[in-house]
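Report on the structure
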Amino acid sequence: MSITAGSRPGGTRPPAAVEEPRTAVAAATVKESVPRKAGRAGKAGKVPFRVRWRRDRALILMTSPVIALLLLFNYVPLLGNVVAFQDYDPYVSSTGVTAIFHSPWVGVEQFSRMLDDPLFWSATKNTIVLFVLQLVLFFPVPIVLALVINSVIRPRVRAVAQAIMYLPHFFSWVLVVTVFQQILGGAGIIAQTLEKHGWSGFDLMTDADLFKYLVTAQAVWKDAGWGIIVFLAALSAVSTDLYEAAAMDGAGRWRRMWHVTLPALRPVIALLLVLRVGDALSVGFEQFLLQRYAVGAGASEVLDTYVWNMGIQNGDFSYAAAVGLAKGLIGVCLVLGANKFAHLLGEQGVYKK
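Now for a description of the structure that goes with this document. (Residues numbered from 1 in each chain as written. Predicted model: local features only at pLDDT ≥ 70, side-chain atom pairs only at ≥ 80, totals over all residues. Heavy atoms only, no water.)

**Digging into the nonpolar core**
Just so we agree on the cut-off: Among buried residues, the Ala, Val, Leu, Ile, Met, Phe, Trp, Tyr and Cys ones that are joined through side-chain atoms within 4.5 Å form a nonpolar core. A 1.4 Å probe rolled over the protein chains alone gives each residue an accessible area, and that area as a share of the maximum for its type sets the label: buried under 20%, exposed over 50%, partly exposed in between. Under the scheme used here, helices are H or I runs from DSSP no shorter than 4 residues and strands are E runs no shorter than 2 residues, and both carry numbers assigned from the N terminus. Any two residues whose heavy atoms approach within 4.5 Å at even a single point are treated as in contact.
Among the nonpolar cores identified, the biggest contains 19 residues, and Ala84, Phe111, Met114, Phe120, Tyr306, Tyr319 and Val323 are the most heavily contacted of them. Looking at this core, the elements with two or more residues in it are α3 (109-115), α4 (118-137), α15 (303-313) and α16 (317-344). A total of seven residues in this core trace back to one element, the largest contributor, which is α16. Setting aside residues up to four positions removed in sequence, Tyr319 forms contacts with Gln110, Arg113, Met114, Asp117, Phe120, Tyr306 and Met310.

**Observations regarding helix α5 (residues 140-150)**
Put simply, the rule is: By definition, the arc is the one covered by directions from the helix axis to the C-beta atoms.
Every buried residue belonging to α5 is among Pro142, Ile143, Ala146, Leu147 and Ile149, and all of these are buried. Around the axis of α5, the buried residues are gathered within 165° of arc, so they sit on the same side. Elements that come into contact with the buried residues of α5 comprise α6 (155-166), α9 (211-236) and α11 (253-278).

**A look at the packing of aromatic side chains**
Heads up, the rule is: In this analysis, rings of Phe, Tyr and Trp, with Trp reduced to its six-membered ring, are considered paired at centre separations within 6.5 Å, and the interplanar angle assigns stacked below 30 degrees, edge-to-face beyond 60, and tilted for intermediate values. Each ring is checked for a lysine NZ or an arginine CZ that lies within 6 Å of its centre and within 35 degrees of its normal; such an atom marks a charge sitting over the ring.
All chains considered together, the criterion is met by 11 aromatic pairs. Between Phe180 and Trp221, the aromatic rings sit 6.0 Å apart at their centres with planes inclined by 75°, giving edge-to-face as the arrangement. One end of the pair, Phe180, is in helix α7 (residues 173-184); the other, Trp221, is in helix α9, with 41 residues separating them in the sequence. Taking the relative accessible area as the measure of exposure, Phe180 reaches 12% and is therefore buried. Given a relative accessible area of 34%, Trp221 falls into the partly exposed group. Cation over ring: Arg113 sits above Tyr319, and NZ or CZ is 4.1 Å from the ring centre. A cation over an aromatic ring shows up here: Lys222 above the ring of Trp173, its NZ or CZ 5.2 Å from the ring centre.

**Quick notes on the pattern of salt bridges**
Once their charged atoms are close, side chains differing in charge can pair, the charge on each being opposite to the other. To keep it simple, the criterion reads: For salt bridges, the criterion is a side-chain nitrogen of Lys or Arg within 4 Å of an Asp or Glu carboxyl oxygen.
Under the criterion given, the structure shown has five salt bridges. Between Lys222 and Asp223 there is a salt bridge, with its nearest N and O atoms 3.7 Å apart. Of the residues examined, Asp223 reaches a relative accessible area of 23% and is grouped as partly exposed.

**Things to note about a nonpolar patch on the surface**
To keep it simple, the criterion reads: Residues qualify for a patch when their relative accessible area is over 30% and they have no salt bridge, like charges being joined within 9 Å and the nonpolar side chains of Val, Leu, Ile, Met, Phe, Trp and Tyr within 5 Å. Surface exposure here means Shrake-Rupley accessible area, sampled with a 1.4 Å probe, where a residue is shielded only by the protein chains that are shown.
On the surface, Ile128, Val132, Val136, Leu137, Leu210 and Tyr213 cluster together to form a nonpolar patch covering roughly 520 Å² of accessible area. Counting residues per element, the nonpolar patch draws most heavily on α4, at four residues. On the secondary structure map, Val132 appears in helix α4. The exposure class of Val132 is partly exposed, given its relative accessible area of 43%.

Note that all results are geometric; they support no functional claim without further evidence.
Here you go:
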């Protein structure tokens, strides 16, 4: 039995010259069919609106009240900023809304008046000084307290300390000012105790020179607990393997905190710092309004209280709207600038690049 070329025992095999064209044709057929199948899959993968509504109906209904409140109280009032370019008079029409369409336009006259007003610059100066002071004294406090609480070994002690520090966050500013009045006021506990022992009393609540430090201490006591929770949540995501590896390399407690803990907190610190800078011109309203008559307008007047005084008390709505609009635009610019600085440092900030 002879074996012919191109054949093998037990069966025959087509020549290679015949097999290659078939393989090329098959490969070309597969390549042409891939885009068609992908296109069909893309069209077929799009879920119709009716199916998505049926699937997400419960979530949409749950979030619809929040969206409605957000639109009603945060976005619809933005339309009222048009009065900053008018000489708005709410009495030219039956309602204040329709009065917008009957008030005369004055262009940027309100903004020119704002730049020439010395009271505006005094309020701006107080606002910037208080912001810088709170940024230096208030912002690091939650970080330090979070590191101290995180170093506590016993979970019960840690939970009790965290609860005590977080409790003042739920207090209103009326209660916070009252507590400080009962402690540091002229009729407070400390002043009365000093007078009983022959020392002269004092009243820090009416001292205009120390007012900026007083409101910073009030903000620290009230809101430091909220920052502690944020930083403790970030610390809980740090792997314990990093601390064990650093300890095996001979790093002490301070080196572990400097090389492991703080780098883990850096993204959160950058995010909160950007948000804090964006809120630089809003150092508070109720806190300063409650203590305005105790220290005088020269020490307690900030931009928020200035807008309230000009708009609500004096009825100069157009001028107050112009000041508020300028304050909001400056805040947006500060957020964008701080976020750009965070990108230069390698952090994400509020949004990515």
